[in-house]
Amino acid sequence: MNEANVGSIGGYRDRVLWQSRVAGLRRLDWTLCLTVLALSLIGALLVRSATFQLMTEQGKDPESFLKRHILNLIIGFVLGGVVTVLDYRLLRAYVPILYGLACVGLVAVLTPLGSTINGSHSWIVIGGGFQVQPSEFAKVGLVVLLAMILGEPRDGEIGPGRRDVLLALALAGVPAALIMLQPDLGTTLVFTAVVLGMLAVSGARKRWLVGLVGGGVAAGFAVWFFGLLKPYQLARFTAFMDPSADPRGAGYNAQQARIAIGSGGAFGKGLFNGEQTGGHFVPEQQTDFIFTVAGEELGFVGAAVIIVLLGVVLWRGLRIATQAADLFGTLVATGAVCWLAFQTFENVGMTIGIMPITGLPLPFVSYGGSATFANMIAFGLLQAVHVRRRPFD
């Protein structure tokens, strides 16, 4: 074979590889990509607004939170890209490892390695201003675990049988119990939403869903009746029912959040011009209460834009779930959507007073390392299912 033939073969191979990469990029859900990017950019601006004045008053770098947030976003998008490139169908082989690592992380938090932040022993501080929250990554482990168990019906069965459902519930219960020991009620509720949503889509019999909902209600009454809630958790529920009952205590956050959002009016006071935000009346505005910054500075219109963008993410996720090549892919996408949907509803709801306050950040908007990474992994899972929606992709 002469040099001309070798060169032509090499050039043909390069063209094929290039065409394959271009085709792969075209198969991405670009609407989802651009929506997540838009939410991330809006979130970065809101994080800057929520922290600039406070850092200035403390004599620190006023852009420190923004810089770390941008770094988190870059790492998050890289993680999402890596997950997108991987074939999600191969995840079945690694599910036990992912699940095991998630449980190990949750156990480690309960040891002296863990640290308590805002009343929850959910963090492992690694230094340099960075900390890891294993419960965020446990959400990823839960989604792929349930997809593996519920996505492979036994011979002759349309949906998961009794043994599959019981196995799924038992294995999901282990990390949920560890998270409750922290205690982290918000993440436990996310787990509940994911389990119910994935069971419903998997084709499990309705009696399982009815039984789980009924059992959850009964367990809630039992916890309340026997006084098993921590004092601060009980105070949060009391404040949710009547924030004015303790305006300087448990009801303070809820009341100030509503004041901040209501003061924004239709079009807001302007980005970086929020008086409530600048005065630090609402705590944790860069994380759990980021939506109050949007409400005050961007007004009803700006807050509505954020909600619409989050709605687009959920819509594209549901569309991906319905077009998946197999039940495993459908369940992976469904789990990610249930996770992001519940967190969105809970976070926005607690700032406007229709949900009790929990420590759940707003997906793709709030500041945070572990939460940002986990959300971007969920985004990557949705893209991975989408680009392989045909069985032989």
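Residues numbered from 1 in each chain as written. Predicted model: local features only at pLDDT ≥ 70, side-chain atom pairs only at ≥ 80, totals over all residues. Heavy atoms only, no water.

Time to look at the overall build of the chain. Each helix and strand in the chain was counted, giving 15 helices and 3 strands. Expressed as a percentage of its 393 residues, the buried residues of the chain come to 47%. Of the accessible surface of the chain, which amounts to about 18800 Å², a share of 68% is contributed by carbon and sulfur atoms. (Helix = DSSP H or I, 4+ residues; strand = E, 2+ residues; numbered from the N terminus. Buried < 20%, exposed > 50% of the residue type's maximum accessible area, 1.4 Å probe, protein only. Areas by Shrake-Rupley, 256 points an atom, 1.4 Å probe, with all protein chains shown as cover.)

The next thing to look at is the side chain of Asp288. Structurally, Asp288 is set in the loop between α11 (275-278) and α12 (290-297). Leaving out residues up to four positions away in the same chain, Asp288 has contacts with Asn347, Met350, Thr358, Gly359, Leu360 and Pro361. (Contact = heavy atoms within 4.5 Å.)

With that out of the way, let us pick up helix α4 (residues 91-109). Taking 1.5 Å as the rise per residue, α4 with 19 residues should run 27 Å; its terminal C-alpha atoms sit 26 Å apart, in good agreement. Here α4 has its buried residues at Leu91, Val95, Tyr99, Ala102, Cys103, Gly105, Leu106, Ala108 and Val109. (Expected span 1.5 Å × (residues − 1).)

Moving on, we get to the pattern of salt bridges. When the charged atoms of two side chains lie near each other, side chains of opposite charge can form a pair. Across all of its chains, the model carries 9 salt bridges by this definition. A salt bridge links Glu275 to Lys269; the nearest nitrogen and oxygen atoms lie 3.9 Å apart. Each of Asp87, Arg89 and Arg388 takes part in one network of salt bridges that share partners. (Salt bridge = Lys/Arg side-chain N within 4 Å of Asp/Glu carboxyl O.)

Attention now goes to the confidence of the model for the chain. Caution applies to low-pLDDT parts of the model: their predicted coordinates are not meant to be read in detail. Predicted confidence across the chain gives a mean pLDDT of 85, with 82% of residues reaching 70 or more. The low-confidence segment residues 16-22 (pLDDT under 50) makes 0 contacts with residues lying over four places distant or belonging to another chain. (pLDDT = per-residue confidence, 0-100.)

With that out of the way, let us pick up the packing of aromatic side chains. All told, the structure shown has 3 aromatic pairs when counted by the stated rule. Consider the rings of Phe77 and Phe379, whose centres lie 6.5 Å apart with planes at 80 degrees: the pair is edge-to-face. Taken together, the residues span a long stretch of sequence, with Phe77 in helix α3 (residues 64-85) and Phe379 in helix α15 (residues 370-387) at a distance of 302 residues. In this structure Phe379 comes out as buried when scored by relative accessible area, which is 6%. When the centroid spacing of 6.0 Å and the interplanar angle of 5 degrees are considered together, the rings of Tyr88 and Phe328 count as stacked. Taken together, the residues Tyr88 in the loop between α3 and α4 and Phe328 in helix α14 (residues 327-352) connect sequence positions 240 residues apart. Phe328 shares its class with Tyr88; the two are buried. In this structure, Arg316 packs its charged tip against the face of Trp315, placed 4.7 Å from the ring centre. (Phe/Tyr/Trp six-rings, centres within 6.5 Å; stacked < 30°, edge-to-face > 60°. Lys NZ or Arg CZ within 6 Å of the ring centre and 35° of its normal.)

Let's shift gears to helix α6 (residues 162-180). Look at α6: 26 Å from first C-alpha to last across 19 residues, which is about the 27 Å you get at 1.5 Å a residue. Along α6, the sharpest kink reaches roughly 25 degrees, centred on Gly173 and followed within four residues by the proline Pro175. Where α6 is concerned, the buried positions are Asp164, Val165, Ala168, Ala172, Pro175, Ala176, Leu178 and Ile179. (Bend = angle between axes of the 7 residues up to and from the residue.)

Another point: the nonpolar core. Counting residues in hydrophobic clusters, the biggest one holds 82 residues, and the most contacted among them are Leu39, Leu146, Val194, Ile306, Trp339, Leu362 and Phe364. Counting residues per element, this core draws most heavily on α14, which supplies 11 residues. With sequence-adjacent residues up to four places away left out, Leu362 is seen in contact with Ile290, Phe291, Ile306, Leu310, Thr344, Asn347 and Val348. Counting 7 residues, the second-largest nonpolar core is a separate cluster that includes Ala260, Val282, Phe289 and Met350. (Core = buried A, V, L, I, M, F, W, Y, C linked by side-chain atoms within 4.5 Å.)

Now for unusual backbone geometry. The amide bond that connects Gln182 to the next residue, Pro183, takes the cis arrangement and shows omega of -15 degrees. Note on placement: Pro183 falls in the loop between α6 and α7 (185-202). The backbone of Glu284 shows a phi angle near 55 degrees, a positive value even though the residue is not glycine. For Glu284, the position within the fold is in the loop between α11 and α12. The phi angle at Phe364 is positive, at roughly 70 degrees, despite the residue not being glycine. Along the chain, the position of Phe364 falls in the loop between α14 and α15.

Here we take up a positive patch on the surface. Taken together, the side chains of Arg162, Arg163, Arg205 and Arg207 make up a positively charged region of the molecular surface. Mapped onto the secondary structure, Arg207 falls in helix α8 (residues 206-225). Overall, the relative accessible area of 57% leaves Arg207 in the exposed class. (Patch = residues over 30% accessible without salt bridge, like charges linked within 9 Å, V, L, I, M, F, W, Y side chains within 5 Å. Lys, Arg positive; Asp, Glu negative; His and termini not counted. Charge placed at Lys NZ, Arg CZ, Asp CG, Glu CD.)

So, on to the environment of Phe300. Residue position: Phe300 is located in helix α13 (residues 299-322). With a relative accessible area of 62%, Phe300 lands in the exposed category. Spatially, the C-alpha atom of Phe300 lies 4.7 Å from that of Ala266, the residues being 34 residues apart in sequence. If near-sequence neighbours (up to four positions away) are discounted, Phe300 is found in contact with Gly265, Ala266 and Phe267.

It is worth spelling out the packing of helix α2 (residues 30-57) against α15 at this point. It is the contact of α2 with α15, at a shortest axis distance of 11 Å, that shows an interaxial angle of 170 degrees. As judged from the angle between their axes, α2 and α15 are roughly antiparallel. Together, Leu32, Cys33, Val36 and Ser40 of α2 and Met376, Phe379, Leu382 and Gln383 of α15 make up the contact between the two elements. (Axes fitted to C-alpha atoms, helices over the stretch in contact; angles between N-to-C directions. Parallel < 35°, antiparallel > 145°, perpendicular 65-115°, else oblique.)

The next thing to look at is the packing of helix α5 (residues 134-150) against α6. It is at 10 Å that the axes of α5 and α6 come closest, and there the two elements cross at 175 degrees. Taken together, the axes of α5 and α6 are roughly antiparallel relative to one another. Residues Ser135, Leu142, Leu145, Leu146, Ile149 and Leu150 of α5 form the contact with α6, whose own contacting residues are Asp164, Leu167, Ala168, Leu171, Ala172 and Ile179. Residue classes in the contact of α5 with α6 are distributed as 10 nonpolar, 1 polar and 1 charged. (Nonpolar A, V, L, I, M, F, W, Y, C, P; charged D, E, K, R; others polar.)

Where nonpolar side chains cluster on the molecular surface, the patch consists of Ile70, Ile74, Val78, Val82 and Leu86 and spans about 450 Å² of accessible area. Its location among the elements puts Val78 in helix α3.

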